[in-house]
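Observations on the model geometry
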Protein chains: 2
Amino acid sequence: MTKKLISAPLPTLKRLPRYLHILQDLKAKGIKQVSATIIAEELGIDSIQVRKDLSTTGIIGKPKIGFELNELIDHIVHFLNWDNMTDAFLVGLGGLGKAILGYDNFKNYGLNIVAAFDTDPELLDTKVHCVGVFDIKKLEDLAQRMKIHIGVLTVPVSAAQEVAEKMVAGGIKAIWNFAPVKLKLPDNIIIENVFLSQSLGVLTHRLAQLKNTEA
Amino acid sequence: MTKKLISAPLPTLKRLPRYLHILQDLKAKGIKQVSATIIAEELGIDSIQVRKDLSTTGIIGKPKIGFELNELIDHIVHFLNWDNMTDAFLVGLGGLGKAILGYDNFKNYGLNIVAAFDTDPELLDTKVHCVGVFDIKKLEDLAQRMKIHIGVLTVPVSAAQEVAEKMVAGGIKAIWNFAPVKLKLPDNIIIENVFLSQSLGVLTHRLAQLKNTEA
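Brief notes about the interface of chain A and chain B
With 67 residues of chain A at the contact, the number on the chain B side is 68 residues. Taken over both partners, the interface formed by chain A and chain B buries close to 6200 Å², and the fraction arising from carbon and sulfur atoms is 68%. Our enumeration of links across chain A and chain B arrives at 0 salt bridges. There are 18 residue pairs in polar contact (both at pLDDT 80 or more) connecting chain A and chain B. Where the side of chain A that touches chain B is concerned, the elements lending two or more residues are α1 (10-28), α2 (36-43), α5 (95-102), α7 (157-169), β8 (174-177), β9 (190-193) and α8 (196-214) of chain A. Considering each element in turn, the side of chain A that touches chain B owes the most residues, 18 residues, to α8(A). By residue class, the composition of the side of chain A that touches chain B is 35 nonpolar, 18 polar and 14 charged.

Laid out in structure tokens, this is it:
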């Protein structure tokens, strides 16, 4: 497949992986064809929305039949760039960094972590979950030489900005940031934040409130 | 400390853990006092916002001095209910579930996973990262008997709704949901979604677009 230049709005981009999970479940059940209506019902959202999202990716269904399941899966995977395994570096081997290295499943989403970096001398030149660990001093040079474009950032808050700048200096264009800080980087750098402590904070605070209300 | 009935808007709740990370960094550097201005500068946000957020939690700073660092940290930790370790069950020991069990750091945020559940006979009655694994059939009964209020949901999409309903039947009031599906549960159940594949999808799609633009 040749890569086409299609852009999609953020809400569509966020729904596509959810469609994919549903489609893969249906495939596992031996189903061969699927309609936007079925996807919409499974997810409890509007079928017009699903039809619109799918048409954004450029795929066209057949009237009354819908989509060939395999074709639709391949199409979405391709649209998300998940068929094109992307090599990435991970920096910061605390608990979260190690957990991410150990979570093999990101490979299904096209992410292949090929090296990890830390400052801890005890970790250097070892392997964690089969991935080699290098001194953070080598990050910039190795990223350039290996043409790495994705960085996974799992360092403490205090180091996040500095390490992110090193990633950018090494040619990294997209950062998956787990350090709960807003990075200040050039506009052309893609940043996706996952702030787990924020999410957990919302949950535990609301739970405490609920208990107060009930008490 | 007695628990007070204070509610906070969602954006404030989401910023508080970020303030906490900054404050803990400052504490590690030996700093004793801090102002809203310093926090604002560190995070690159407006100091009026910081002042407003902190006052929502009920703490009052001293003019010109600001806040005692330790007092402010304790205050935010308490407001987020993180000083009150909350026992939780985790259901679904795939890669992500195991990674979360292995990530000790959630204890700093008050989350203490005391048992895990799965359907895989090979895992039952073993321990994963020192946490006992039980048959999912026992979930409802054990949750009731142990008065568990938080469930961490890391099962595949196809099982998520059913397992979430079992959690609710067992008295669980708050679900940290990592399965990329919108759960349909009673309104009084607190749900926080973390959809990692969505976040990664946005990142990889945008990176592909960027490469197309540059090509």
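Regarding the relation of the copies chain A and chain B
Superposition of chain A onto chain B requires a rotation of 180° combined with a translation of 0.0 Å along the rotation axis, giving an RMSD of 0.0 Å. In symmetry terms, the pair is related by a two-fold rotation axis. Within chain A, the C-alpha atom positioned nearest to the axis of rotation is that of Ala99(A), 2.3 Å from it. In this assembly the copies share their binding face: 100% of the residues contributing to the interface of chain A also contribute to that of chain B.

A word on the packing of α8(A) against helix α1 (residues 10-28) of chain B
Packing of α8(A) against α1(B) brings their axes to within 9 Å, and their N-to-C directions diverge by 120°. Taken together, the axis directions place α8(A) and α1(B) in an arrangement best described as oblique. Crossing of α8(A) over α1(B) shows right-handed handedness. Of α1(B), the residues touching α8(A) (which contributes Ser197(A), Gln198(A), Val202(A), His205(A) and Arg206(A)) are Leu10(B), Leu13(B), Lys14(B), Pro17(B), Arg18(B) and His21(B). Grouping the constituent residues of the contact of α8(A) with α1(B) by class yields 4 nonpolar, 4 polar and 3 charged.

Observations regarding the sheet that holds strand β9 (residues 190-193) of chain B
Strand-to-strand pairing in sheets goes through backbone hydrogen bonds, with the strands running parallel or antiparallel. An order of β5-β6-β4-β3-β7-β8-β9 (chain B) is seen for the 7 strands of this open sheet, with the pairing classed as mixed. Each edge of the open sheet is held by one strand with a lone partner, namely β5 (127-128) and β9 of chain B. With 4 bridges connecting them, strand β3 (residues 86-91) of chain B and strand β7 (residues 150-153) of chain B associate as parallel partners. Counterpart to Leu90(B) in the pairing with β7(B) is Val152(B). The strands that α8(A) touches are β3, β4 (111-118), β7, β8 (174-177) and β9 of chain B; relative to β9(B), the one it contacts most, it runs at about 180°.

A closer look at a negative patch on the surface
Together, Glu68(A), Glu71(A), Asp74(A) and Asp83(A) line one region of the surface with negative charge. Locating Asp83(A) in the fold gives a position in the loop between α4 (69-79) and β3 (86-91).

A look at the environment of Leu111(A)
In this structure, Leu111(A) sits in strand β4 (residues 111-118). For Leu111(A), a relative accessible area of 1% puts it in the buried group. Separated by 22 residues in sequence, Leu111(A) and Phe89(A) place their C-alpha atoms 9.8 Å apart. Contacts of Leu111(A), omitting those with residues within four sequence positions, involve Met85(A), Thr86(A), Ala88(A), Phe106(A), Ile150(A), Val152(A), Trp176(A) and Leu200(B).

Examining the pairing of β4(B)
All names here are of chain B. Within β4, 7 of the 8 residues are buried, leaving the element largely enclosed by the surrounding structure. In this sheet, β4 lies alongside β3 in parallel orientation, the contact comprising 6 bridges. Bridge pairing links Thr86 to Leu111 in β4. In this fold, β3 hands off to helix α5 (residues 95-102), which returns the chain to β4; that crossover is right-handed.

Quick look at the environment of Asn81(A)
Within the element layout of this structure, Asn81(A) appears in the loop between α4 and β3. Residue class for Asn81(A) comes out buried when judged on its relative accessible area of 5%. In this structure the side chain of Asn81(A) is engaged in a polar contact, spanning 3.4 Å, whose partner is the backbone oxygen of Thr204(B).

Quick look at the packing of aromatic side chains
Residues and elements named next belong to chain A. Overall, the coordinates contain 10 aromatic pairs over all chains when judged by the stated rule. Residues Trp82 and Tyr109 carry aromatic rings whose centres are separated by 4.8 Å and whose planes lie at 45° to one another, so their mutual orientation is tilted. With Trp82 in the loop between α4 and β3 and Tyr109 in the loop between α5 and β4, this pair connects stretches of sequence that are 27 residues apart. When its relative accessible area of 7% is taken as the criterion, Trp82 is described as buried.

Looking at the nonpolar core
The biggest cluster of nonpolar side chains holds 156 residues, and the ones touching the most others in it are Trp176(A) and Trp176(B). Here Trp176(B) is in contact with Leu196(A), Ser199(A), Leu200(A), Leu203(A), Phe106(B), Leu111(B), Gly151(B), Val152(B), Leu153(B), Glu192(B) and Val194(B), once residues within four sequence places are set aside.

Cut-offs and rules
Residues numbered from 1 in each chain as written. Chains lettered and ligands numbered in written order. Predicted model: local features only at pLDDT ≥ 70, side-chain atom pairs only at ≥ 80, totals over all residues. Heavy atoms only, no water. Contact = heavy atoms within 4.5 Å. Buried area = accessible area lost by both parts, 1.4 Å probe. Salt bridge = Lys/Arg side-chain N within 4 Å of Asp/Glu carboxyl O. Polar contact = N/O pair within 3.5 Å; in protein donor to acceptor, adjacent residues only side chain to side chain. Helix = DSSP H or I, 4+ residues; strand = E, 2+ residues; numbered from the N terminus. Nonpolar A, V, L, I, M, F, W, Y, C, P; charged D, E, K, R; others polar. Least-squares fit on C-alpha atoms with pLDDT ≥ 70 in both. Axes fitted to C-alpha atoms, helices over the stretch in contact; angles between N-to-C directions. Parallel < 35°, antiparallel > 145°, perpendicular 65-115°, else oblique. Left-handed = near helix turned anticlockwise from the far one by under 90°. Pairing = 2+ DSSP bridges. Patch = residues over 30% accessible without salt bridge, like charges linked within 9 Å, V, L, I, M, F, W, Y side chains within 5 Å. Areas by Shrake-Rupley, 256 points an atom, 1.4 Å probe, with all protein chains shown as cover. Lys, Arg positive; Asp, Glu negative; His and termini not counted. Charge placed at Lys NZ, Arg CZ, Asp CG, Glu CD. Buried < 20%, exposed > 50% of the residue type's maximum accessible area, 1.4 Å probe, protein only. Right-handed = clockwise from strand over helix to strand, strands pointing away. Phe/Tyr/Trp six-rings, centres within 6.5 Å; stacked < 30°, edge-to-face > 60°. Core = buried A, V, L, I, M, F, W, Y, C linked by side-chain atoms within 4.5 Å.

Remember that the coordinates give geometry; whether it matters functionally is a separate question.
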